[in-house]
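So the chains spell out like this:
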Amino acid sequence: MKIYLDAMGGDYAPLAPVQGAKEALEMYPQLEIELAGPIAEVEKTVNEVFGESALRSRLTLTDCPEVITNCESPVMAVRKKKQSAIVDGMLKLRDGAVDAFVSAGSTGAVLSGGMFRLGRLKGIDRPALAPLLPNGKDFFLLIDCGANVDCRPEYLHQFALMGSAYMQGMRGLKNPRVGLVNNGAEAEKGCALTKEAYGLLENEKQINFVGNIEARDITYDKADVIVCDGFVGNVILKFMEGVAGTLMDIIKTEIYGDTRSKIGGLLAKPAFKRVKKKMDYHEVGGAPLLGVRGNVVKAHGSCNGHALACAIRQAVQMIEGGVVEKIEALLPKAE
């Protein structure tokens with residue numbers, strides 16, 4: 001199993017990707033990683049992080065001197081910067097030279113590279129980003145979280161099919177519950193987009209559609225797959241990250257408020273650590289780009305080394321779970 005990792009993607013590149021690569025190689029003895037970026041800079045960091053480790057034998061360095069930044073037009077960058085890791089990695093994934101691609105780089109470039117260099121699955125109009133998020137019991141899949149700001153009802157229908165297939169392959173759920181984000185639980189609620197999408201999902205026999213999901217119910221284990229357009233999904237994602245951070249800050253402040261709270265906080269410290277871990281997006285690693293012809297994981301731009309290792313773990317699970325194949329199996333029946 002071989003995974004292609006963008007060494008220059010993210011706020012802490014190349015250090016974080018190199019650290020993530022080392023941790024992932026420690027987790028999976030059968031894994032090989034192709035690490036791509038400006039060779040001199042990447043090799044220097046690899047030498048510092050790996051040292052004399054035997055893990056180095058399962059790491060291949062590829063020289064990709066061009067780097068796509070967040071300030072560039074994603075489509076133009078993917079077209080012009082053919083020697084970038086994003087373009088090189090997508091082409092190698094397309095040709096079967098690697099089994100998955102992971103990057104914490106430009107979201108737009110990863111999306112454009114997936115669409116124009118890797119290609120979409122038959123029956124998919126728009127690929128979607130779909131992170132796993134905590135719901136108190138386990139995780140739910142939010143699809144889409146930012147790849148498609150303006151959507152048509154048929155896009156949401158496709159998101160539901162892809163999300164259901166992903167949860168079957170990744171989480172082992174036989175009949176994932178699919179919900180549609182709306183401002184009311186009733187079928188007649190919502191805008192033109194959600195009303196029409198509701199009808200498509202209600203009549204789709206290949207998914208377990210449980211109806212509309214209001215925002216307050218998203219984290220209450222009402223559905224395993226939460227479907228929405230990319231604008232709404234991105235707001236939900238960022239709001240959840242903000243609320244989680246704020247709650248942890250409030251708890252920390254209150255614990256140190258008086259002596260009794262300090263004593264109680266000390267006793268409850270292990271529990272707080274477990275809660276923090278469950279709410280930490282670094283533990284998930286990234287969002288798969290579903291709907292393209294290959295296993296692609298887009299990691300958070302602020303990822304540290306551990307988060308990138310978790311993103312690589314997610315890519316490994318996508319390969320082992322046959323996620324792309326499961327999506328393809330659903331799509332022809334839906335046409």
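In case you missed it, the structure is sitting above this.
Just so it is clear, the structure is predicted and the values come from calculations on it, not from any experiment.

1. Notes on the overall build of the protein
So, step 1. Regarding its fold elements, the protein presents 11 helices and 12 strands.
So, step 2. Scaling as 2.2 N^0.38, a compact globule of 335 residues should have a C-alpha radius of gyration of about 20 Å, and the protein matches this with 20 Å.
So, step 3. Projecting the C-alpha coordinates of the protein onto the three principal axes gives extents of approximately 65 × 60 × 35 Å.
So, step 4. Counting all 335 residues of the protein, 50% fall into the buried class.
So, step 5. Pairs at least 24 apart in sequence give 73% of the contacts found in the protein among residues at least 6 apart.
So, step 6. The distance from the centre of the 40 positive side-chain charges to the centre of the 41 negative ones in the protein is 2 Å.

2. Examining the sheet that holds strand E4 (residues 100-103)
So, step 1. Taken in spatial order, the seven strands of this open sheet run E3-E2-E1-E4-E12-E11-E5, and their pairing is mixed. What marks the edges here is a single partner per strand, and that holds for strand E3 (59-63) and strand E5 (128-129).
So, step 2. Pairing analysis gives two bridges linking E5 to strand E11 (residues 286-290), with the strands arranged antiparallel. The partner of Ala128 across the bridge, within E11, is Leu290.
So, step 3. Each of strand E1 (2-6), strand E2 (32-37) and E3 touches helix H1 (residues 15-27); the most contacted strand, E2, lies at about 175° to it.
So, step 4. Against the sheet, helix H2 (residues 39-50) makes contact with E2 and E3, and its axis sits at roughly 160° relative to E3, the strand it touches most.

3. Things to note about the packing of H1 against H2
The packing of two helices is summarised by the inter-axis angle and the distance between the axes.
So, step 1. In the contact formed by H1 and H2, the axes pass within 9 Å of each other and the chain directions differ by 45°. On the basis of their axis angle, the class for H1 and H2 is oblique. Taken as a pair, H1 and H2 cross one another with a handedness that is right-handed. In this structure, H1 uses Leu15, Val18, Gln19, Ala21, Lys22 and Leu25 to contact H2, whose residues at the interface are Thr45, Val46, Val49 and Phe50.
So, step 2. A class-by-class count of the residues in the contact of H1 with H2 yields seven nonpolar, two polar and one charged.

4. Digging into H2
So, step 1. Between the first and last C-alpha of H2 there are 16 Å, a value that for 12 residues agrees with the 16 Å anticipated at 1.5 Å per step.
So, step 2. Considering only its buried residues, H2 is in contact with H1, E2 and E3.
So, step 3. Of the residues one or two after H2, Gly51 is the one with positive phi, at around 55°.

5. A look at the environment of Leu247
So, step 1. In this structure, Leu247 sits in helix H8 (residues 230-255).
So, step 2. Judged by its relative accessible area of 47%, Leu247 is partly exposed.
So, step 3. When the C-alpha positions of Leu247 and Lys92 are compared, they lie 43 Å apart, and in sequence the two are 155 residues distant.

6. Notes on the state of the cysteines
So, step 1. What the rule picks out here adds up to zero disulfides.
So, step 2. Cysteine Cys71 is unpaired, with the sulfur of Cys303 as its nearest cysteine sulfur at 19 Å.
So, step 3. Overall, the relative accessible area of 78% leaves Cys71 in the exposed class.

7. Points about unusual backbone geometry
So, step 1. Of note, the amide linkage connecting Ala13 to Pro14 takes the cis form, showing an omega dihedral of 0°.
So, step 2. Topologically, Pro14 is positioned in the loop between E1 and H1.
So, step 3. The peptide bond linking Ile143 to Asp144 adopts the cis configuration, its omega dihedral lying at 10°.
So, step 4. Here Asp144 lies in the loop between strand E7 (139-143) and helix H6 (153-171).
So, step 5. Of note, Asp221 is a non-glycine position whose phi angle comes to about 55°, a positive value.
So, step 6. With respect to the helices, strands and loops of the structure, Asp221 is situated in the loop between strand E9 (208-213) and strand E10 (225-227).
So, step 7. Classification of Asp221 as buried rests on a relative accessible area of 18%.

8. Notes on the pattern of salt bridges
So, step 1. Summed over the entire model, instances satisfying the criterion amount to 12 salt bridges.
So, step 2. A salt bridge links Lys189 to Glu186, with the shortest nitrogen-to-oxygen separation between them at 3.3 Å.
So, step 3. Within this structure, Lys2, Glu34, Asp88 and Lys92 form a network of salt bridges that share partners.

9. What to know about the packing of helix H4 (residues 85-94) against helix H5 (residues 107-118)
So, step 1. At their nearest, the axes of H4 and H5 sit 9 Å apart, and the two run at 40° to each other. Viewed along their axes, H4 and H5 adopt a mutual orientation that is oblique. In terms of crossing hand, the pair formed by H4 and H5 is right-handed. Each of Ile86, Val87, Met90, Leu91, Leu93 and Arg94 in H4 lies in contact with H5, whose residues at this interface are Ala109, Val110, Gly113, Gly114, Arg117 and Leu118.
So, step 2. Taken together, the residues of the contact of H4 with H5 sort by class into eight nonpolar, two polar and two charged.

10. Digging into the side chain of Glu34
So, step 1. Here Glu34 shows up in strand E2.
So, step 2. Overall, the relative accessible area of 5% leaves Glu34 in the buried class.
So, step 3. At a separation of 2.6 Å, a polar atom in the side chain of Glu34 contacts the side chain of Thr62.
So, step 4. Every residue in contact with Glu34, bar those within four places of it in the chain, is listed here: Lys2, Ile3, Tyr4, Leu5, Thr60, Thr62, Asp88, Lys92 and Val98.

What counts, and at which threshold
- Residues numbered from 1 in each chain as written.
- Predicted model: local features only at pLDDT ≥ 70, side-chain atom pairs only at ≥ 80, totals over all residues.
- Heavy atoms only, no water.
- Helix = DSSP H or I, 4+ residues; strand = E, 2+ residues; numbered from the N terminus.
- Rg over C-alpha atoms; globule rule 2.2 N^0.38 Å.
- Buried < 20%, exposed > 50% of the residue type's maximum accessible area, 1.4 Å probe, protein only.
- Contact = heavy atoms within 4.5 Å.
- Lys, Arg positive; Asp, Glu negative; His and termini not counted.
- Charge placed at Lys NZ, Arg CZ, Asp CG, Glu CD.
- Pairing = 2+ DSSP bridges.
- Axes fitted to C-alpha atoms, helices over the stretch in contact; angles between N-to-C directions.
- Parallel < 35°, antiparallel > 145°, perpendicular 65-115°, else oblique.
- Left-handed = near helix turned anticlockwise from the far one by under 90°.
- Nonpolar A, V, L, I, M, F, W, Y, C, P; charged D, E, K, R; others polar.
- Expected span 1.5 Å × (residues − 1).
- Disulfide = S-S within 2.5 Å.
- Salt bridge = Lys/Arg side-chain N within 4 Å of Asp/Glu carboxyl O.
- Polar contact = N/O pair within 3.5 Å; in protein donor to acceptor, adjacent residues only side chain to side chain.

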